[in-house]
Amino acid sequence: MSSQPKLVIGANGFLGSHVTRQLVSAGHDVRVMVRENASTVSIDDLDVQRFVGDIWDDDTLRAAMSGCDDVYYCVVDARGWLRDPAPLFRTNVEGTRNVLEIALEFSPGRSAPAPGNAGLHRFVYTSSYVTVGRRRGRVQAEDLVLQYARGHGLPAVAMCVSTTYGSGDWGRTPHGAIIAGAAFGKLPFVMGGIELEAVGVDDAARAMILAAERGRVGERYLISEKMISNAEVARIAAEEAGVAPPA
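It should be emphasised that the depicted structure is a prediction, and the values quoted were computed from it without experimental measurement.

Topic: the overall build of the protein
Regarding its fold elements, the protein presents seven helices and ten strands. Across the 247 residues that make up the protein, the buried fraction comes to 49%. Expressed as a percentage of contacts within the protein between residues at least 6 apart in sequence, the contacts between residues at least 24 apart total 73%. Just so you have it, the protein exposes about 12,600 Å², and 51% of that area is on carbon and sulfur atoms.

Description of the sheet that holds strand β10 (residues 226–229)
As summarised here, the arrangement of the three strands in space is β7-β8-β10, forming an open sheet in which the pairing is mixed. Two strands bound the open sheet, and with one partner strand each, they are β7 (163–165) and β10. Here the strands of the sheet are splayed against their neighbours by 55° on average, with no regard to which way each runs.

Regarding the layout of surface pockets
If a probe the size of a water molecule is rolled over the atoms, the empty space left behind becomes visible. In this structure, the second largest pocket spans a volume of roughly 180 Å³. Lining the second largest pocket are Tyr-165, Ile-179, Ala-198, Val-199, Gly-200, Glu-225, Lys-226, Ile-228, Val-233, Ile-236, Ala-237 and Glu-240. Within the residue set of the lining of the second largest pocket, elements represented by two or more residues are β8 (195–200), β10 and α7 (230–241). Among the elements that line the lining of the second largest pocket, the one with the most residues is α7, at four residues.

Section: the pairing of strand β6 (residues 156–161)
Summarising burial for β6: six of the six residues are buried, a large majority. Burial of the side chains of β6 extends over both faces: Ala-156, Ala-158 and Cys-160 are buried on one face and Val-157, Met-159 and Val-161 on the other. The pairing of strand β5 (residues 122–128) with β6 spans six bridges and is parallel. Each bridged residue has a counterpart across the sheet, and for Phe-123 the counterpart in β6 is Ala-156. In this structure, β6 lies alongside strand β9 (residues 220–223), joined through four bridges in parallel fashion. Looking across to β9, one finds that Met-159 is bridged to Tyr-221.

Parameters and conventions
- Residues numbered from 1 in each chain as written.
- Predicted model: local features only at pLDDT ≥ 70, side-chain atom pairs only at ≥ 80, totals over all residues.
- Heavy atoms only, no water.
- Helix = DSSP H or I, 4+ residues; strand = E, 2+ residues; numbered from the N terminus.
- Buried < 20%, exposed > 50% of the residue type's maximum accessible area, 1.4 Å probe, protein only.
- Contact = heavy atoms within 4.5 Å.
- Areas by Shrake-Rupley, 256 points an atom, 1.4 Å probe, with all protein chains shown as cover.
- Pairing = 2+ DSSP bridges.
- Axes fitted to C-alpha atoms, helices over the stretch in contact; angles between N-to-C directions.
- 1 Å grid on protein atoms, 1.4 Å probe; cavity = no way out; pocket = protein on both sides within 12 Å on 5 of 7 lines; lining within 4 Å.
- Points joined across faces, edges and corners; volume = space filled by probe spheres on them.

Structure (structure tokens):
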């Protein structure tokens, strides 16, 4: 096991918190980076070193990455309902570019690491399964990461994570809201027919960690278990809660 710390950026999010938990459980020295005033209920019980700042805070990014071998980037703005896409582009593309520039400073051959520190080993980027076969939207950020890997020497991999389900959805993701609504009997009906790629959040987190250990630089990986419809998700949630499923 590497003695160098692991860093999870966006560790308080749904996937990020599960990645953090699995790293801590495995005995790693874990650092987390979260925004000021962000809810951290999902990781407050963990023994981690905390850095407070956002993805535009270069000094905090440098301090958090310094000495780390693996960086897990779990910052995703998925607010698809916004009429103005500018905030999404700023976070998902320009924000990612800023973090990549800082990460380059710690890449092998780009810095003079301290004794016993070989520099950055892997930068594991959280992308989405919706980039597969697409040319617009989230794929711009993923392409940016792969460009840095293939053209600038950043040891990065992109993880195309499908819709995640599981415990600890404290921030109430849109798909988690469907489960809660069905379980509490507050979802009168649900649209059927449309199926989405899905994966358990624990499995997705494990895939992220495996990508740091075994992923090939410059490659992208699709993380999915099966197709499932919102109607089936609601039916399962209602059944487990012992209530009638929505129409």
